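Observations on the three-dimensional arrangement
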Amino acid sequence: MPRALITGITGQDGLYLSELLLAKGYEVYGLIRGQNNPKYELVQRTVPDVKLLTGDLTDLSSLLRALEVSQPDEVYNLGAISFVAYSWENAMLTSDVTGKGVLNVLEAVRLYSKDDPTKVRFYQASSSEMFGKVQEVPQRESTLLWPRSPYGVAKVFGHYMTINYRESYGMHASSGILFNHESPRRGPEFVTRKVSQAVARIKLGLQDEIVMGNLDAKRDWGFAGDYVEAMWRMLQQDTADDYVVATGETHSIKELLDVAFGAVGIEDWSGYVRQDPRFMRPAEVELLIGDPEKARTVLGWEPKVGFSELVAMMVESDLAEQRAAGR
Ligand code: NDP
Ligand code: GDR
């Protein structure tokens, strides 16, 4: 039975990846931080077979301990401070967790597998935010990185550290440059879930408006359930490498609003949406669109869920959740 250790187990991707690996017969360990993490129950309820180990990306000794206990064949480093807007207000913490945290995991894996550097296969959750002020359209593995936020800068550090450990120590370390991926499990701070939740509440008469930031930004949005499959496929390759994972389609926040409101029969949303500078970012990433050609040809990976289907799925799920909460 192969064994995997996942950091960021309480997050959106941690849950989907756990389900995928458990279904494939893995023994799955998850790193959970804090002495009384509020998401502990959620993980236990959703994926009861996952074995939880306490640890923190900023604490190298906890990572070494987690490796000793779990003895993994594969390590997926999904843990991060992942909300871009928050990263300006907590730039040093973001650098420590999202940036230096990657080095801590790589170093822990290197120390743990000293006898054979390829004993553990490592996945790093890199991000399209590294492209920032995009230097090429669409963005691919070779596109020059130009991050626009402390989060993006921290991810670039983690990305190059992953490549460096592969090149320096011969580790099987891969980096997935994933574009935005969403689901009903997405945190409510991110724009898709903020919109799906608000649209559901407006439809049910529980809320009057949504207060938003920049409506012109464009993103390449896919379904998280599809994207964790690409992570797993990367670690099944004989050689470690870096891959863009994206749909190859881009949509603006306005189009997101069109589809989300449309899903509950509201064609004109202008009266429900208000913009506020509070949600504008000091530097914006205006356009992201990925070229997933390498993932398609090498990994045989393709996204299955399209944009409209994804948004409708999220609105449906939030309608059900809001109805259940009101009961
Ligand atoms: P989430 O924000 O949902 O989850 C982040 C996870 O990181 C949580 O489990 C959180 O735990 C954990 N974490 C935060 N700080 C620490 C720490 N100090 N030590 C250990 N764990 C910590 O992110 P997603 O699931 O959406 O994303 C997974 C990864 O993929 C992240 O690295 C993200 O940056 C990256 N990514 C995501 C994309 C997306 O569109 N979703 C696209 C590209 C990259 P806790 O619950 O305790 O806070
Ligand atoms: P992003 O996701 O920054 O791309 O990072 P987010 O959903 O937060 O923002 C997407 C775009 O929407 C605009 N926007 C708003 N965003 C939020 N959150 N709230 C608003 O009210 C709002 N109004 C407009 C933003 O300005 C932005 O342009 C996500 C995270 O998951 C990262 O961890 C990951 O690396 C990248 O996706 C790929």
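Because the structure is a prediction, the values reported are computed rather than measured.

Quick look at the domain arrangement of the chain now. Domain boundaries assigned for the chain yield domain 1 (3–181 + 221–245) and domain 2 (187–219 + 250–288 + 305–325). Each of domain 1 and domain 2 was reduced to a C-alpha centroid, and the two centroids are 27 Å apart. Listed as interface residues are 19 residues of domain 1 and, on the opposing side, 20 residues of domain 2. Around 1800 Å² of area is buried between domain 1 and domain 2 when both sides are counted, 69% of it from carbon and sulfur atoms.

To continue, consider the pairing of strand β11 (residues 242–245). Residues Asp242 and Val244 point to one face of β11 and Tyr243 and Val245 to the other, with burial holding for every one of them. Strand direction decides the pairing type here: strand β6 (residues 172–178) and β11, joined by four bridges, are parallel. Within β11, the residue paired with Leu178 across the bridge is Val245.

As a further point, take the packing of aromatic side chains. Applying the stated criterion across every chain yields a total of eight aromatic pairs. With a centroid separation of 5.7 Å and 75° between ring planes, the pair formed by Tyr16 and Phe223 is classed as edge-to-face. With Tyr16 in helix α1 (residues 12–23) and Phe223 in strand β10 (residues 222–223), the pair connects residues that are 207 residues apart, well separated along the chain. Across this residue pair, the class does not change: Tyr16 and Phe223 are buried. We note Lys119 situated over the ring of Tyr112; from NZ or CZ to the ring centre the distance is 4.4 Å.

Turning to the sheet that holds strand β1 (residues 3–7), a few remarks are in order. Spatial ordering of the open sheet is given by β3-β2-β1-β4-β5-β6-β11, a layout of seven strands whose pairing is parallel. Each end of this open sheet is capped by a strand with a single partner; those strands are β3 (51–54) and β11. Averaged over all pairs of adjacent strands, the angle between their axes in this sheet comes to 20°, without regard to strand direction. One ladder, built from four bridges, connects strand β2 (residues 27–32) with β3; its direction is parallel. Of the residues in β3, the one forming a bridge with Tyr29 is Lys51. Across the face of the sheet, helix α6 (residues 150–169) comes into contact with β5 (121–127), β6 and β11 while running at roughly 150° to β5.

The environment of ligand 1 is made up of 25 residues, and the closest members are Thr10, Arg33, Ser82, Tyr151 and His181. With respect to ligand 1, the backbone of Gly11 contributes an N or O atom lying 3.1 Å from an oxygen atom. In this structure, an oxygen atom belonging to ligand 1 sits 2.8 Å away from a main-chain N or O atom of His181. Across the complex, the protein chains shield 90% of the 900 Å² of accessible surface that ligand 1 would expose by itself. Elements represented by at least two residues in the shell around ligand 1 include exactly α1, β5 and α6. No other element matches the three residues that β5 contributes to the shell around ligand 1.

Here we come to the environment of Arg274. Mapped onto the elements of the fold, Arg274 is located in strand β13 (residues 273–275). Distance from Arg274 to Glu209, taken between C-alpha atoms, is 7.1 Å for residues 65 residues apart in sequence. A polar side-chain atom of Arg274 sits 3.0 Å from a polar atom in the side chain of Glu209.

Cis geometry marks the peptide bond from Val137 to Pro138, where omega comes out at -5°. For Pro138, the position within the fold is in the loop between β5 and α6. A positive phi angle, near 45°, is found at Gln71, a position not held by glycine. Tracing the chain through its elements places Gln71 in the loop between α3 (60–70) and β4 (74–77).

What follows covers the pairing of β6. Burial runs high along β6: seven of the seven residues are buried. Pairing of β5 with β6 involves seven bridges; the strand directions are parallel. Each residue of the ladder has a partner; that of Phe122, found in β6, is Ala173. Read as a crossover between parallel neighbours, the route from β5 over α6 to β6 is right-handed.

All right, on to the side chain of Asp220 then. Structurally, Asp220 can be placed in the loop between β9 (218–219) and β10. Look at Asp220: it is buried, it has no salt bridge, and the nearest opposite charge is Arg219 at 9.8 Å. At a separation of 3.0 Å, a polar atom in the side chain of Asp220 contacts the main-chain amide nitrogen of Gly290. Contacts of Asp220, omitting those with residues within four sequence positions, involve Phe179, Asn180, Tyr227, Ala246, Thr247, Gly248, Glu249, Thr250, Leu288, Ile289 and Gly290.

Rules behind the numbers
Residues numbered from 1 in each chain as written. Chains lettered and ligands numbered in written order. Predicted model: local features only at pLDDT ≥ 70, side-chain atom pairs only at ≥ 80, totals over all residues. Heavy atoms only, no water. Domains from an automatic or database assignment. Contact = heavy atoms within 4.5 Å. Buried area = accessible area lost by both parts, 1.4 Å probe. Buried < 20%, exposed > 50% of the residue type's maximum accessible area, 1.4 Å probe, protein only. Helix = DSSP H or I, 4+ residues; strand = E, 2+ residues; numbered from the N terminus. Pairing = 2+ DSSP bridges. Phe/Tyr/Trp six-rings, centres within 6.5 Å; stacked < 30°, edge-to-face > 60°. Lys NZ or Arg CZ within 6 Å of the ring centre and 35° of its normal. Axes fitted to C-alpha atoms, helices over the stretch in contact; angles between N-to-C directions. Near = heavy atom within 4 Å. Polar contact = N/O pair within 3.5 Å; in protein donor to acceptor, adjacent residues only side chain to side chain. Areas by Shrake-Rupley, 256 points an atom, 1.4 Å probe, with all protein chains shown as cover. Right-handed = clockwise from strand over helix to strand, strands pointing away. Lys, Arg positive; Asp, Glu negative; His and termini not counted. Salt bridge = Lys/Arg side-chain N within 4 Å of Asp/Glu carboxyl O.

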